Amino acid sequence: MRPGKQAPTARLRRLAAELRRLRAESGQTRETIEEKTRINTATLYRIESARVRPQKRTLLALLDLYGVDDAAERERLVGLSRDSRQLDWLQHYGPNLPQTYQTYISFESEANRLQDFECSYVPGLLQTEAYTREVIHSLRPTEPVDGIEQRIKVLSRRQEALHSNVELSLWAIIDEAAIRRTVGGPHVMREQLEYLVEVAGAPSVTLQVLPYNAGAHPGMPGAFVLMEFPHDDPALVYTETTMGDLLLEGQADVERYRLIFQRLVAQSLSPADTAALIKKTAQVV
């Protein structure tokens with residue numbers, strides 16, 4: 001990620017939507033705004049598409065132009081901009097993390113509900129450190145040791161949110177192949193499976209396994225995470241493809257993946273049967 005550029009956040013998207021609405025209601029175009037404020041059209045486009053956070057003076061100039069005179073409303077929008085900053089701890093790791101991953105983490109940190117389907121391995125938020133290390137080493141065999149350790153620290157910070165944020169819930173569905181595949185040897189895998197059983201008992205976590213005998217299912221194209229946010233911010237889908245990782249914002253895409261997840265829930269084992277299967281698998285690893 002280039003210096004000075006932050007990963008988008010849900011708050012930044014909300015601010016961008018508010019500014020687009022205010023401009024439309026004022027009857028202004030980006031060109032007329034440039035003439036009146038010297039805020040060039042390219043900068044305004046980046047602000048309105050949540051690609052950059054506006055400087056305070058720029059935001060105030062826009063609010064003046066749009067006729068936003070109410071002091072409480074101005075403070076609300078200024079506060080929204082101030083609170084849209086990228087996570088402080090993420091900035092520390094930023095230069096060594098892919099931009100798409102940083103963007104995902106920023107959104108994940110603001111979500112209040114995650115619906116996660118994984119085909120090949122245990123979801124990141126439910127991984128043990130030893131399992132994570134093996135997965136990273138397998139996916140990135142040329143990654144130096146310090147790079148692997150840094151990624152583990154990032155994941156650990158993400159996992160803290162799941163256990164400390166009472167507003168965040170995770171509903172994870174794992175293909176049976178992920179609990180059958182021995183990652184890192186019997187000891188590492190047994191520890192991971194036992195941890196899955198433990199964490200599945202948390203009130204914020206719902207865990208299901210999609211069994212082999214479910215046959216063909218709508219999740220076969222690949223893993224994805226559906227992220228939902230408070231304050232009526234629009235949901236997002238993060239999906240992994242052979243062409244790279246994607247963040248989908250379109251309502252049609254979000255609804256399609258929401259339906260896919262519902263169908264996967266119906267085809268998967270119940271949480272109780274899932275725990276029983278994982279326990280049984282751990283005993284024979």
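Analysis parameters
Here the residue numbers are simple positions, counted from 1 along each chain's written sequence. In keeping with the predicted nature of the model, local features appear solely for residues at pLDDT of at least 70, side-chain atom pairs appear and are counted solely at 80 or more, and the whole-chain, interface and lining totals rest on all residues. The side-chain quantities take in all heavy atoms of the structure and omit both hydrogens and water. Each helix is a run of H or I in the DSSP string that is no shorter than four residues. Each strand is a run of E no shorter than two, and both are numbered from the N terminus. Accessibility here uses a 1.4 Å probe with only protein chains present; expressed as a share of the type maximum, an area under 20% marks a residue as buried, one over 50% as exposed, and anything in between as partly exposed. We call two residues contacting when some pair of their heavy atoms lies within 4.5 Å. Note on areas: Shrake-Rupley with a 1.4 Å probe; residue coverage comes only from the protein chains shown. This count recognises Lys and Arg as positive and Asp and Glu as negative, with His and chain-terminal groups excluded. Think of each charge as sitting on NZ of Lys, CZ of Arg, CG of Asp or CD of Glu. Throughout, the protein atoms alone are placed on a 1 Å grid, and a set of points is a cavity if a 1.4 Å probe fits but cannot get out or a pocket if it is open with protein on both sides within 12 Å along at least five of seven lines; lining residues have an atom within 4 Å of a point. Grid points are joined across faces, edges and corners, and a volume is the space filled by probe spheres set on the points. Three residue categories are used. Nonpolar comprises Ala, Val, Leu, Ile, Met, Phe, Trp, Tyr, Cys and Pro, charged comprises Asp, Glu, Lys and Arg, and polar comprises the others, including Gly. Here a salt bridge means any side-chain nitrogen of Lys or Arg lying within 4 Å of a carboxyl oxygen belonging to Asp or Glu. Centre distance within 6.5 Å is the pairing criterion for rings of Phe, Tyr and Trp, where only the six-membered ring of Trp is used; planes under 30 degrees apart are then read as stacked, over 60 as edge-to-face, and the remainder as tilted. Between N-to-C directions, angles cover 0 to 180 degrees, with each direction set by a line fitted to C-alpha atoms, over the stretch in contact for helices. In these notes the angle categories are as follows: under 35 degrees is roughly parallel, over 145 is roughly antiparallel, 65 to 115 is roughly perpendicular, and the rest is oblique. For a crossing to be left-handed, the near helix must be turned anticlockwise from the far one by less than a right angle; the clockwise case is right-handed. By the convention used here, strands pair only if DSSP detects at least 2 bridges between them.

**Q** What exactly am I supposed to notice about the overall build of the chain here?
**A** When its secondary structure is counted, the chain shows 13 helices and 6 strands. Dimensions of the chain, computed from the C-alpha atoms along their principal axes, are close to 70 × 40 × 35 Å. Looking at the chain residue by residue over its 285 residues, the buried ones come to 46%. Considering only intrachain contacts with a sequence separation of at least 6, the fraction spanning at least 24 residues in the chain is 72%. When the accessible surface of the chain is totalled, it reaches about 14,700 Å², and 50% of it is carbon and sulfur. One finds the centroid of the 35 positive side-chain charges in the chain at a distance of 3 Å from the centroid of its 38 negative side-chain charges.

**Q** Mind showing me how you'd approach the layout of surface pockets here?
**A** Remark: the empty space left among the atoms is shown by a probe the size of a water molecule rolled over them. Approximately 690 Å³ is the volume found for the largest pocket. Per-class residue counts for the lining of the largest pocket are 14 nonpolar, 4 polar and 8 charged.

**Q** Honestly, the pattern of salt bridges in this entry has me stumped. Any pointers?
**A** Side-chain pairs of opposite charge can arise whenever the charged atoms involved come near each other. Under the counting rule described, the total for this entry stands at 20 salt bridges. With its nearest N and O atoms 3.6 Å apart, the salt bridge here joins Glu228 to Arg113. Of the two residues, Glu228 sits in strand 4 (residues 224-228) while Arg113 sits in strand 1 (residues 113-118), which places them 115 residues apart along the sequence. A relative accessible area of 17% places Glu228 in the buried class. Accessibility expressed as a relative area gives 30% for Arg113, which makes it partly exposed. Taking the shortest distance from any N to any O, the salt bridge between Glu129 and Arg133 comes out at 3.2 Å. You can see Glu129 and its partner Arg133 sitting in helix 8 (residues 129-139), 4 residues apart, about one turn around the helix. Taken together, the shared-partner salt bridges connect Glu18, Arg21, Glu25, Glu73 and Arg76 into one network.

**Q** What should I look at first to understand the packing of aromatic side chains in this one?
**A** The description of two aromatic rings rests on the distance between their centres and on the angle between their planes. Across all of its chains, the model carries 6 aromatic pairs by this definition. With a centroid separation of 4.5 Å and 40° between ring planes, the pair formed by Tyr104 and Tyr238 is classed as tilted. Here Tyr104, found in helix 7 (residues 99-110), pairs with Tyr238, found in strand 5 (residues 236-241); they are 134 residues apart in sequence, far enough to count as distant. By relative accessible area, Tyr238 is classed as buried at 8%. In textbook terms, an aromatic cluster arises when at least three aromatic residues are bridged by ring pairs, as seen for Phe117, Trp171, Phe224, Tyr257 and Phe261.

**Q** Explain the environment of Leu126 here, please?
**A** Examined against the element boundaries, Leu126 turns out to sit in the loop between strand 1 and helix 8. Contacts of Leu126, omitting those with residues within four sequence positions, involve Gln159, Leu162, Leu170, Ala172, Gln192, Tyr195, Leu196, Val199, Val205 and Leu207.

**Q** Explain the packing of helix 8 against helix 9 (residues 145-164) to me, please; I cannot follow it from the model alone.
**A** When two helices pack together, their arrangement is given by the angle between their axes and by how far apart the axes lie. Between helix 8 and helix 9, whose axes approach to 10 Å, the crossing angle comes to 130°. Compared by their axis directions, helix 8 and helix 9 come out oblique. The element helix 8 and its partner helix 9 pack so that their crossing is right-handed. Two secondary-structure elements touch here, helix 8 through Glu129, Thr132, Arg133, Ile136 and His137 and helix 9 through Ile148, Glu149, Arg151, Ile152 and Leu155.

**Q** Please clarify how the pairing of strand 2 (residues 169-175) should be interpreted in this entry.
**A** A regular strand places its side chains on the two faces of the sheet in alternate fashion. Across the 7 residues of strand 2, 5 count as buried, placing the element largely inside the fold. Strand direction decides the pairing type here: strand 2 and strand 3 (residues 205-210), joined by 6 bridges, are parallel. Looking at strand 3, one finds that Ala172 is bridged to Leu207.

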